[in-house]
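Architecture and fold: a report
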Amino acid sequence: MSIQERLLLSVEAIEEHYNAGDYIFREEATPQFYYQIVSGEIKLNSYKEDGKEFIQNILSDNACFGESMLILGKPYPVNAVATTKSTVLKIGRDQFFQLLKDHPHIFLDMYKTLSEKTSEKMVLIQKITGKNAEERLMELMNQMKEAKENKEKFSFEIPHTRQQLASLTGLSIETAIRAIKRMEKNEILIIKNGKIFY
DNA sequence: TCATTAATTCGCC
DNA sequence: GGCGAATTAATGA
């Protein structure tokens, strides 16, 4: 879900451009804007005590991010980092609340997607903890595929690097790669010139 | 196309 | 299971 671009522009949305690796906001910062992706890919991450990256979520076109913290008015618990060249629209806090007030359907949509995201995360965390590498990756891929129409086996190309998959499941890269290879052997997925199909 | 950098894989502990 | 080195892929000049 997303707010229509024309609505965002009608309240003086600012268009911003980022390169891969650029921060859009940082952990601990106070939320000031509602952000929506026009194009590109954004990840929400944080770093564990050992310095290992944990990716909370990877978002692409039309997704919004950081909205729950904006509504709450609490500091961000994660960083937002562009992983590719990206274009983002943002509107200020006041404009955002005004939009919600003026357009109840936007409020409902927002509420619904927020609930979906929250529920997804809760389910994933519950399914991932205590499981071995292969099961974790399978749960993650199941969830990503749920959003797709085509449910056929091997029809879904995983749009992430192995590193990203590892950081999304709390595995190390090597463990993720080894697990992925075993999964290929067990015909849970196939690998076609490096790309994973599930 | 070549050079640089990032991602992946492999051998070893 | 993770480190460092070797290989390969992606990116940019």
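This section reports on the structure supplied with the text.

Comments concerning the protein's contact with DNA strand C
- Neighbouring DNA strand C are Ser-172, Glu-174, Thr-175, Arg-178 and Lys-195.
- Of all atoms in DNA strand C that approach within 4 Å of the protein, 21% are sugar or phosphate atoms.
- Side-chain polar atom of Ser-172 to a phosphate oxygen of DNA strand C: 2.9 Å apart, as the coordinates give it.
- Between DNA strand C and Glu-174 there is a distance of 3.1 Å, counted from a base nitrogen to a side-chain nitrogen or oxygen.

Quick look at unusual backbone geometry
- Residue Glu-12 is not a glycine yet carries a positive backbone phi of 60 degrees.
- Residue position: Glu-12 is located in the loop between α1 (5-10) and β1 (14-18).
- Residue Glu-12 is classed as exposed on the basis of its relative accessible area of 61%.

A few points about the packing of helix α6 (residues 162-169) against helix α7 (residues 173-185)
- Running from N to C, α6 and α7 point in directions that differ by 105 degrees, and their axes come no closer than 9 Å. In terms of axis orientation, α6 runs roughly perpendicular to α7. Touching Arg-162, Gln-163, Leu-165 and Ala-166 of α6 are Ile-173, Ala-176, Ile-177 and Ile-180, all from α7.
- For the contact of α6 with α7, the per-class residue count stands at 6 nonpolar, 1 polar and 1 charged.

Focus on the protein's contact with DNA strand B
- Near DNA strand B, the surroundings consist of Thr-161, Arg-162, Gln-163, Ile-173, Glu-174, Ile-177, Arg-178 and Lys-181.
- In DNA strand B, the atoms that sit within 4 Å of the protein are 79% sugar and phosphate, with bases accounting for the remainder.
- Take Gln-163: an N or O atom from its main chain is 3.0 Å from a phosphate oxygen of DNA strand B.
- Of all the secondary-structure elements, those providing two or more residues to the surface near DNA strand B are α6 and α7.
- The dominant element in the surface near DNA strand B, judged by the number of residues it contributes, is α7, at 5 residues.
- When the residues that make up the surface near DNA strand B are grouped by side-chain class, the tally is 2 nonpolar, 2 polar and 4 charged.

Here's the deal with the sheet that holds strand β8 (residues 86-92)
- Reading across from one edge, β1-β8-β3-β6 is the order of the 4 strands in this open sheet, with antiparallel pairing throughout. Among the strands making up the open sheet, the edge pair consists of β1 and β6 (64-65).
- Relative to β8, β1 runs antiparallel, the two being bridged by 5 bridges. Counterpart to Tyr-18 in the pairing with β8 is Ser-86.
- Sitting on the sheet, helix α3 (residues 93-102) is in contact with β3 (33-39) and β8, with an inclination near 80 degrees to β8.

Section: the sheet that holds strand β2 (residues 23-25)
- Read from one edge to the other, the open sheet built from 4 strands follows the order β2-β7-β4-β5, with strand pairing classed as antiparallel. Unpaired on one side and paired on the other, β2 and β5 (53-59) mark the two borders of the sheet. Averaged over all neighbouring strand pairs, the angle between strand axes comes to 35 degrees, with direction disregarded.
- One ladder, built from 4 bridges, connects strand β4 (residues 42-47) with strand β7 (residues 79-82); its direction is antiparallel. Each bridged residue has a counterpart across the sheet, and for Asn-45 the counterpart in β7 is Asn-79.

Details of a nonpolar patch on the surface
- On the surface, Phe-107, Leu-108 and Tyr-111 cluster together into a nonpolar patch covering about 360 Å² of accessible area.
- Mapped onto the fold, Phe-107 is located in helix α4 (residues 104-128).

Regarding the packing of aromatic side chains
- Counted according to the given criterion, the structure contains 8 aromatic pairs.
- Residues Tyr-34 and Phe-96 carry aromatic rings whose centres are separated by 4.9 Å and whose planes lie at 10 degrees to one another, so their mutual orientation is stacked. Highlighted residues: Tyr-34 in strand β3 and Phe-96 in helix α3, separated in sequence by 62 residues. The burial state of Tyr-34 is the same as that of Phe-96; both residues are buried.
- With a centroid separation of 6.3 Å and 40 degrees between ring planes, the pair formed by Phe-107 and Tyr-111 is classed as tilted. In this pair, Phe-107 and Tyr-111 are both assigned in helix α4, 4 residues apart and thus about one turn of the helix distant.
- Relative accessible area serves as the criterion here: at 55%, Tyr-111 is assigned to the exposed category.
- Through a chain of ring-to-ring contacts, the aromatic side chains of Phe-25, Phe-33, Tyr-35, Phe-65 and Tyr-76 assemble into a single cluster.

How each quantity is defined
- Numbering of residues starts from 1 in each chain and follows the order in which that chain's sequence is written.
- All chains are assigned letters beginning with A, and all ligands numbers beginning with 1, in the order in which they are written.
- Whole-chain, interface and lining totals are the exception, using all residues; otherwise, since this is a predicted model, local features are given only for residues with pLDDT of at least 70 and side-chain atom pairs are given and counted only at 80 or more.
- Hydrogen atoms and water are omitted, and side-chain values are computed over all heavy atoms in the structure.
- For each residue, the test is whether any non-hydrogen atom lies within 4 Å of the molecule or strand; if one does, the residue is near.
- We define a polar contact as two N or O atoms separated by no more than 3.5 Å, with the added condition that, inside protein, one atom must be a possible hydrogen donor and the other a possible acceptor, whereas residues neighbouring each other in sequence contribute only through side-chain atom pairs.
- In DSSP terms, a helix is any run of H or I states spanning at least four residues, a strand is any run of E spanning at least two, and both are numbered starting from the N terminus.
- Exposure is judged per residue with a 1.4 Å probe applied to protein chains only, and the accessible area is read against the type maximum: over 50% gives exposed, under 20% gives buried, and values in between give partly exposed.
- All axes are obtained by fitting lines to C-alpha atoms, using only the stretch in contact for helices, and the reported angles, taken between N-to-C directions, cover 0 to 180 degrees.
- Here the angle decides the label: under 35 degrees means roughly parallel, over 145 means roughly antiparallel, 65 to 115 means roughly perpendicular, and every other value means oblique.
- By the convention used here, residues are in contact when the closest approach between their heavy atoms is within 4.5 Å.
- Three classes are used: nonpolar for Ala, Val, Leu, Ile, Met, Phe, Trp, Tyr, Cys and Pro, charged for Asp, Glu, Lys and Arg, and polar for all others, with Gly counted as polar.
- At least two bridges found by DSSP between two strands is the condition for calling them paired.
- Candidates for patches are residues over 30% relative accessible area with no salt bridge; among them, like charges are joined within 9 Å and nonpolar side chains (Val, Leu, Ile, Met, Phe, Trp, Tyr) within 5 Å.
- Each accessible area is a Shrake-Rupley result for a 1.4 Å probe, and residues are judged covered by the shown protein chains and nothing else.
- When a carboxyl oxygen of Asp or Glu lies within 4 Å of a side-chain nitrogen of Lys or Arg, that pair is called a salt bridge.
- Ring pairs shown here join Phe, Tyr and Trp side chains whose ring centres sit within 6.5 Å, with only the six-membered ring taken for Trp; geometry is labelled stacked below 30 degrees between planes, edge-to-face above 60, and tilted in between.

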